[in-house]
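Read off the chains here:
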Amino acid sequence: MVETLFEDIFRIDAIDPDGKKFDRVSRISARSEQFDMLMHLDINTEIYPMRAGEKFMMVLASTLNLDGTPDSGYYTPGNKKSLADKFDYVMQGKLYRISEESSEKQVKADIYVSFGGLLMMLKGDPSIAARFELDQRLFILIRKV
C-alpha cells in the first residue's frame, strides 16, 4: 500500500485573493479540516474549475505506485493501476523551500512546491513539515468531496 506524506480535506475560502493574474490559472486559498493547514495553490481552472466554498481532498505522495515503489519519473501508458486513478486532478512537482516562522503563541512551518510553475504553499504544524525533504519530488492529487 502506498504511504502518503499528507492528506486532508480542504474548504476553499477564496479564489484569486490577490486578483486574477492569468487567464487559465487561479490561485485558491483553502484551509484543511483535520490539521488546520492553510494552503495557497495554483490550479489550471480551465481543465479543473473550482469555486469558493467547495470541499476537496488533497493528498501529497512521493509515488503513484500502489505498492509504494519509487516512481521512475516517466509516464508509462498501460493498464497498470495507480494512486492517480482515484483522483481527478494530479500534478508532479518539486519541493523547493521549507521554512519556519514563529509568533508569540506558536510556530508554523511553510512548505513550498512548484508543479511546473504552478505553485503551492502549505502552512501549519511543523511536525507535518518534518515528513518532507528539500528537493523532494511530490505528486499532488485532488478530488472534490
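Not measured: the values here are computed from a predicted model.

Participant: Would you take a moment to explain the packing of aromatic side chains for this structure?
Facilitator: The geometry of an aromatic ring pair comes down to the distance between the two centres and the angle between the two planes. Taken as a whole and assessed by the stated rule, the structure comprises 5 aromatic pairs. A centroid spacing of 5.7 Å and a plane angle of 45° characterise the contact between Phe6 and Phe35, whose relative ring orientation is tilted. Here Phe6, found in strand E1 (residues 4-15), pairs with Phe35, found in the loop between strand E2 (25-32) and strand E3 (38-44); they are 29 residues apart in sequence, far enough to count as distant. In this structure Phe35 comes out as partly exposed when scored by relative accessible area, which is 30%. Relative to Phe56, the ring of Phe10 lies with its centre 5.7 Å away and its plane at 15°, an arrangement referred to as stacked.

Participant: Sorry if this is basic, but what is going on with the pairing of E2 here?
Facilitator: Successive residues of a regular strand alternate their side chains across the two faces of the sheet. Most of E2 is tucked away: 6 of the 8 residues are buried. By the bridge criterion, 5 bridges tie E1 to E2 in an arrangement that is antiparallel. The partner of Ile12 across the bridge, within E2, is Ala30. From the end of E2 to the start of E3, which pair antiparallel, there are 5 residues, and Asp36 there has a positive phi angle of about 55°.

Conventions used here
Residues numbered from 1 in each chain as written. Predicted model: local features only at pLDDT ≥ 70, side-chain atom pairs only at ≥ 80, totals over all residues. Heavy atoms only, no water. Phe/Tyr/Trp six-rings, centres within 6.5 Å; stacked < 30°, edge-to-face > 60°. Helix = DSSP H or I, 4+ residues; strand = E, 2+ residues; numbered from the N terminus. Buried < 20%, exposed > 50% of the residue type's maximum accessible area, 1.4 Å probe, protein only. Pairing = 2+ DSSP bridges.

In short, geometric facts, not functional conclusions.
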